[in-house]
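One-letter residues, chain by chain:
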Amino acid sequence: MELLPRSPAEFGSARYWDRFFRQRGQRPFEWYGGFPELCPVLHKYVRPRDKVLVVGCGNSELSEQMYDMGMCEDIVNIDISDAVIRQMQERSRSKRPKMNYLIMDMLQMDFPDAKFHVVLDKGTLDAILTDEEDATLAKVDKMFAEISRVLQVGGRYLCVSLAQTHVLKKAVEYFSQEGWVVRVHQVAGSKDKQQFVLPVFVYVMTKFRKIPGSAPQILEICPEEQDKPIRVESVEQLVVAVKDRQHYALLCSQLSKIPCGEQVSLDLCDKESGRPRYTLHVVDSPSVKPSRNNHFAIFIIPQGRETEWLFGTEEGRRQLATSAGFRRLVTVALHREQHYKDMASIQAELSAKVMELAPPGLPAQQQVPFLSVGGDIGVRTVRHCDTSPLSGEYVVEDVKGDGTCYFRRLIFLCNRNVVQSEARLLTPMPLPGQKKRKKDKKKHSSAEPPAAIDKSYLCCEHHKAMVAGLCLLGGPDPLPGIPLVVLVVGLGGGSLPLFIHDYFLKAYVTVVEIDSSMLEVAMHWFGFSQDDRMQVHISNGLDYVTKLAAEGTILQSIPAQYDAIMFDVDSKDLMVGMSCPPPAFVEKPFLQKVKTILKPEGVFVLNLVCRDAQLKKSVLATLREVFPLLYARHIEGEVNEILFCQPSSEGQRDPSELGACAQALEAALRQPGRRWDSSYVLADMLQAVRIL
């Protein structure tokens with residue numbers, strides 16, 4: 001500890017470095033790795049006949065090893081420490097006759113202009129540029145000016161650095177403005193991770209004559225895993241690219257311990273486009289007993305299934321890892337903008353990178369299994385892409401689910417891990433008299449899933465619960481035969497209002513949707529249509545309800561009182577801890593307007609998605625102030641909570657009775673000749689309902 005400076009300013013003091021090297025003795029001090037790690041980069045830019053200047057050489061063995069390995073012999077080393085220069089002269093006098101060591105301040109060098117082909121700096125810039133004070137920056141400018149002066153045109157300044165943001169920006173901005181070409185190499189890490197967790201970089205600044213006017217900057221980065229440089233457009237992009245690699249190194253260091261404290265995620269990007277290609281989650285299962293073959297595995301999530309609970313949530317991935325029986329499992333999600341050939345090509349592409357995430361103690365040469373569901377990578381077909389002024393970029397895609405079913409999904413790309421709307425697709429049946437082909441199975445493994453929408457199936461669990469909640473309206477007569485007036489705020493793909501329309505044959509459904517693009521999507525891609533019992537109004541739900549509450553009537557002279565009002569509307573503000581509905585929809589004055597247009601025996605059904613515990617508590621308190629009777633149904637495995645609010649507590653029922661009510665409703669809805677999905681049991685939807 002006594003070798004450390006008392007302040008950053010001492011890094012520029014000859015007295016400090018004299019004391020440092022006297023106390024350290026003959027042991028070499030290698031800033032940021034040694035010759036074996038740096039050699040691949042140095043070999044590209046240092047030629048045998050080059051004249052090389054090493055600034056701030058210290059007692060590093062780097063120049064000695066460059067000399068001994070025949071990389072270059074005409075090397076001049078300078079340092080401000082008299083002690084280290086005498087030490088190094090003694091060490092190389094007889095062995096390296098062409099090598100020189102000189103006491104010299106690099107801020108004021110005695111060499112003539114354009115003397116050297118290469119200036120090599122290993123940690124010296126980092127030692128000087130410890131802060132961004134004016135005096136420090138002036139010193140660095142002087143250093144750069146001297147390096148520029150002694151370099152020939154076409155010469156290279158090679159700066160080995162940890163690439164702190166302020167250091168990288170200063171170097172790149174200075175030399176790029178001088179018209180130099182700047183390339184940043186990431187140095188391949190050594191097997192010994194003890195000295196530095198952060199990766200080491202080499203800035204390669206190549207001197208060109210400055211062209212009058214505004215010449216384009218040439219900025220490039222070379223990651224350690226590839227030789228081909230990647231061009232970037234600005235200093236800011238270069239800094240971001242370096243930061244990404246630094247964060248990855250820290251992540252790998254974090255994963256060198258098992259179990260890792262929390263799930264770690266990262267994106268692997270496409271080399272050409274720079275867009276995310278794979279999203280990886282690293283999950284440790286300390287409860288799994290170690291054995292010879294259960295250390296590590298990779299799980300490829302089939303395309304389109306990354307939003308499912310098992311793959312898209314921390315708890316789900318933890319369960320997946322435990323059931324798979326591996327101490328560490330890396331799940332890999334595939335992105336919709338990318339093309340993937342097959343499992344073998346993904347395995348070949350990922351093998352080297354995922355091994356960097358392997359747990360410590362993995363036996364050498366052990367085969368790491370690649371797992372998936374059914375052994376394939378799934379099917380995803382993007383049917384439609386567009387941009388809405390309100391919802392931003394969105395896609396409609398068909399994906400293969402578990403088994404043989406296909407699903408159509410609407411995804412807003414601002415929140416790409418959330419399925420906005422989903423519908424099951426019908427498998428086409430052969431026409432009468434048409435023989436079924438033996439190889440029909442192949443048709444549905446292609447990129448052409450069936451296109452007809454199964455309107456009898458509600459994919460979303462919260463939609464099933466919302467429909468089941470209509471049993472709260474039931475009297476002595478079967479509910480489907482009673483005229484109902486229903487308001488649904490939020491259309492999406494239209495599955496919820498369409499189901500109510502088709503199964504409650506005397507229901508009049510009004511849908512309010514703020515985004516006209518969503519109506520087009522629902523009609524074109526999700527089988528939605530309007531008729532005399534189904535009308536869509538393009539309007540802000542807040543304005544629509546406020547207007548109804550003020551006017552007191554609905555169109556066609558129907559009293560402005562609904563049997564059921566349903567809110568299934570998402571928030572566009574991702575910074576709020578509540579993604580459904582927007583906060584304004586659950587403010588007390590607006591909820592009172594909702595109550596005004598609801599029949600006394602009616603039900604207000606709200607899909608609440610709130611991750612902020614305090615905000616959720618506040619919302620529930622407000623709802624209780626307006627609606628005396630409040631039931632709640634949490635959707636298992638999801639954040640969604642369905643709230644059933646009634647304006648009067650007179651008809652309060654015990655939660656245990658609601659299952660029987662829902663069962664009676666289901667019996668009424670199951671009509672002969674009408675499709676009904678056997679997995680949809682209304683009673684199950686209300687089993688866990690509680691009164692708030």
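Only a predicted model underlies this, so the values are computations on that prediction, with no experimental measurement involved.

Conventions we followed
Residues numbered from 1 in each chain as written. Predicted model: local features only at pLDDT ≥ 70, side-chain atom pairs only at ≥ 80, totals over all residues. Heavy atoms only, no water. Helix = DSSP H or I, 4+ residues; strand = E, 2+ residues; numbered from the N terminus. Buried < 20%, exposed > 50% of the residue type's maximum accessible area, 1.4 Å probe, protein only. Contact = heavy atoms within 4.5 Å. Areas by Shrake-Rupley, 256 points an atom, 1.4 Å probe, with all protein chains shown as cover. Core = buried A, V, L, I, M, F, W, Y, C linked by side-chain atoms within 4.5 Å. Pairing = 2+ DSSP bridges. Axes fitted to C-alpha atoms, helices over the stretch in contact; angles between N-to-C directions. Phe/Tyr/Trp six-rings, centres within 6.5 Å; stacked < 30°, edge-to-face > 60°. Lys NZ or Arg CZ within 6 Å of the ring centre and 35° of its normal. Left-handed = near helix turned anticlockwise from the far one by under 90°. Nonpolar A, V, L, I, M, F, W, Y, C, P; charged D, E, K, R; others polar. Arc of directions from axis to C-beta.

Within the chain, the secondary structure is distributed over 19 helices and 27 strands. In the chain, which comprises 692 residues, the share counted as buried stands at 51%. Intrachain contacts of the chain at a sequence separation of at least 6 include 70% that bridge at least 24 residues. Within the structure as shown, the chain displays about 33,400 Å² of accessible surface, and the carbon and sulfur contribution to it stands at 52%.

Moving on: the nonpolar core. Counting residues in hydrophobic clusters, the biggest one holds 43 residues, and the most contacted among them are Leu-53, Leu-125, Tyr-157 and Tyr-203. Here this core gets 6 residues from one element, more than from any other, and that element is helix α7 (residues 165–177). In this view, Tyr-157 contacts Val-119, Asp-121, Leu-125, Met-143, Phe-144, Ile-147, Leu-151, Phe-175, Trp-180, Tyr-203, Val-204 and Met-205; residues no more than four positions away in its chain are not counted. Membership of the second largest hydrophobic core comes to 39 residues, among which are Leu-472, Val-486, Phe-504 and Met-534.

This paragraph deals with the sheet that holds strand β13 (residues 328–334). An order of β10-β11-β13-β12-β14 is seen for the 5 strands of this open sheet, with the pairing classed as mixed. Each edge of the sheet is formed by a strand with only one pairing partner; in this case those strands are β10 (264–269) and β14 (370–371). Sheet topology note: the β10/strand β11 (residues 276–284) ladder contains 6 bridges and is antiparallel. In the strand pairing of β11, Leu-268 is matched with Tyr-278. Packing of helix α11 (residues 343–355) onto the sheet brings it into contact with β10, β11, β12 (296–300), β13 and β14, and relative to β12 it is tilted by some 140°.

The subject of this paragraph is the packing of aromatic side chains. Scanning all chains against the criterion turns up 16 aromatic pairs. An angle of 70° between the planes, with centres 5.0 Å apart, marks the rings of Tyr-174 and Phe-175 as edge-to-face. For the pair shown, Tyr-174 and Phe-175 are each scored as buried. A connected cluster of aromatic rings, assembled from ring pairs, spans Phe-144, Tyr-157, Tyr-174, Phe-175 and Trp-180. Stacked on the ring of Tyr-457, the Lys or Arg Arg-424 has its end atom at 3.9 Å from the ring centre.

Attention now moves to the environment of Val-54. As for its placement among the helices and strands, Val-54 is situated in strand β1 (residues 52–55). Overall, the relative accessible area of 9% leaves Val-54 in the buried class. If we ignore the near neighbours within four places in the chain, the residues touching Val-54 are Ser-63, Ile-75, Val-76, Asn-77, Ile-78 and Leu-120.

Here we come to the sheet that holds strand β4 (residues 116–122). Spatially, the 9 strands line up as an open sheet ordered β3-β2-β1-β4-β5-β7-β6-β8-β9, and their pairing is mixed. Both edges of this open sheet fall to β3 (100–103) and β9 (230–232), since each of them pairs with a single strand only. Going from strand to strand, the sheet's axes swing by 20° on average, the running direction of each strand aside. Two strands pair when backbone bridges link them, and β1 and β4 are joined in this way by 4 bridges, in the parallel orientation. Considered in β4, the bridge of Leu-53 is made with Val-119. Most of the contacts of helix α6 (residues 134–150) go to strand β5 (residues 151–161), to which it runs at about 140°, and overall it touches β1, β4 and β5.

Here we come to the packing of helix α12 (residues 461–468) against helix α13 (residues 495–503). Contact geometry of α12 with α13 gives a least axis separation of 10 Å together with a crossing angle of 35°. Seen from above, α12 lies across α13 with right-handed handedness. Contacts between α12 and α13 involve His-463, Met-466 and Val-467 on the former and, on the latter, Ser-495, Leu-496, Phe-499 and Ile-500. A per-class count over the contact of α12 with α13 returns 5 nonpolar, 2 polar and no charged.

Attention now moves to the pairing of strand β24 (residues 598–610). Look at any regular strand and the pattern is simple: side chains alternate between the two faces of the sheet. Burial of β24 is extensive: 10 of the 13 residues sit out of reach of the surface. Across 5 bridges, strand β22 (residues 562–567) lies against β24 in parallel orientation. Within the sheet, the bridge partner assigned to Tyr-562 lies in β24 and is Leu-598. Both strand β23 (residues 578–580) and β24 contribute to a ladder of 2 bridges, which runs antiparallel.

Within helix α2 (residues 35–45), burial applies to Phe-35, Leu-38, Val-41, Leu-42 and Tyr-45. Projection of α2 onto a plane perpendicular to its axis shows the buried side chains occupying an angular sector of 135°, all on one side. Among the exposed residues of α2, those pointing more than 90 degrees away from its buried face are Pro-36, Pro-40 and His-43. Lining the buried residues of α2 we find α3 (62–68), β4, β5, β6 (181–186) and β7 (201–206).

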